[in-house]
Amino acid sequence: MRKPVAVYTDVVDTDPAPGVKLLEEAGFTVRFAASPAPADIVAAAADADALLLGYAEIDRPLLEALPAVRIVATQSVGYDMVDLDACRERGIWVTNVPGAATEEVASHALAMTLALLRGLPYLDRDVRAGIWDGTRHDLRRLSEVTVGVVGLGRIGRRYAEYVRPLVGRVVGYDPAVTAMHGVQWLALDELLACSDVVSLHLPLTAQTRGLLDARRLGLMREGASLVNVSRAGLIDHRALVRCLDEGRLSGAALDVLPQEPPEPGDPILAHPRVLLTPHAAYLSAASSRDYVLQQAENVVLWHARGRPVSVVVEGRPMAPR
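Structural notes, computed from the coordinates. Because the structure is predicted, anything quoted here is derived from the model rather than measured.

1. Examining the packing of helix H1 (residues 17-25) against helix H12 (residues 285-305)
Logical step 1: Relative orientation of the contacting elements H1 and H12 amounts to 20 degrees, with a least axis distance of 8 Å. In terms of axis orientation, H1 runs roughly parallel to H12. Two packed elements cross with a definite hand, and for H1 against H12 that hand is right-handed. Residues Pro 18, Gly 19, Leu 22 and Leu 23 of H1 form the contact with H12, whose participating residues are Val 292, Leu 293, Ala 296, Glu 297, Val 299 and Val 300.

The following block contains the structure:
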């Protein structure tokens, strides 16, 4: 009987060995594409049943070139790199790993929030430049600030739980959630207008792309800050830079950028009001292990039982083997 084939399209920041071991023990032949370029994926996955990806783009033309694929398993909470409509039409399962780094991402957002409110990036730069004067920056008393949480899924809720005991008020907005204890629910525009820090925790979809455009950034409270550990596409970055240049926003902490890594001349790199990390919010030894294992488990359980654990798109039932 033919062995099922699983292909890793790309591997980013993790050791795939535990996932490979799990797949091989379940009877899969495992291969790796030479690169995430479509031609290399097709070369490795011409007969693949499963694609396991990091950030490779899985679009309609690629899927049309891989007629045997029955499941696409991301190694992230987000799945915006996958053409979901094309997968639905072809009956292909799509899975993600929603719980692997909840603690890491929420705590990263909390650290960024506190760093902005207490001016840590700016004070550090001043000291290194020979300036010993903390009065140059607007340092905030935590009990007097309002934090706005945009998106209250697993990560947003955990972030709200972390920040709630530290600040004066937490307000929230989520189009798919209606309430959370200790969080005041507001419309998005109201939240932006009253928050001293806004932290983004939404997936990138057709509905959320460009959510914080120039108009909405203009609604934010004078001197407010923005934290994004979700997806860069939630924000109009040119409009964000303008708001920072004008001093309307006092700072931004970004773990995700429109291009990663950014071009050397990207104005965001040298901006004095911006704190940057290299898409690292999800990282820890524990989360790296869990991402790899949960991604592979989705594929193994689909093959063994006909249904993966974390379903984004429901595919066709497997034919009897």
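2. Remarks on the pairing of strand S6 (residues 146-150)
Logical step 1: Among the five residues that make up S6, five are buried, leaving the element largely enclosed by the rest of the structure.
Logical step 2: Across the two faces of S6 the burial is the same, with Thr 146, Gly 148 and Val 150 and Val 147 and Val 149 all buried.
Logical step 3: Alignment of S6 against strand S7 (residues 169-173), held across five bridges, turns out to be parallel. Following the sheet pairing, Thr 146 is matched in S7 by Arg 169.
Logical step 4: A crossover connection joins S6 to the parallel S7 through helix H7 (residues 154-163); in handedness this β-α-β unit is right-handed.
Logical step 5: Relative to strand S9 (residues 197-200), S6 is paired through four bridges, and the arrangement is parallel. From the neighbouring strand, Val 147 faces S9, where its bridge partner is Val 197.

3. As for the environment of Asp 213
Logical step 1: For Asp 213, the position within the fold is in the loop between S9 and helix H9 (214-219).
Logical step 2: What makes Asp 213 partly exposed here is its relative accessible area of 29%.
Logical step 3: Residues Asp 213 and Leu 234, spaced 21 residues apart in sequence, show a C-alpha to C-alpha distance of 8.4 Å.

4. With respect to the environment of Pro 262
Logical step 1: When you line up the elements, Pro 262 lands in the loop between strand S11 (249-254) and helix H11 (267-270).
Logical step 2: Looking at Pro 262, the relative accessible area reads 24%, which means it is partly exposed.
Logical step 3: Linking Pro 262 and Pro 278, residues 16 residues apart in sequence, is a C-alpha distance of 9.7 Å.
Logical step 4: Beyond its immediate sequence surroundings of up to four residues, Pro 262 is in contact with Leu 257 and Leu 269.

Basis of the calculations
- Residues numbered from 1 in each chain as written.
- Predicted model: local features only at pLDDT ≥ 70, side-chain atom pairs only at ≥ 80, totals over all residues.
- Heavy atoms only, no water.
- Axes fitted to C-alpha atoms, helices over the stretch in contact; angles between N-to-C directions.
- Helix = DSSP H or I, 4+ residues; strand = E, 2+ residues; numbered from the N terminus.
- Parallel < 35°, antiparallel > 145°, perpendicular 65-115°, else oblique.
- Left-handed = near helix turned anticlockwise from the far one by under 90°.
- Contact = heavy atoms within 4.5 Å.
- Buried < 20%, exposed > 50% of the residue type's maximum accessible area, 1.4 Å probe, protein only.
- Pairing = 2+ DSSP bridges.
- Right-handed = clockwise from strand over helix to strand, strands pointing away.

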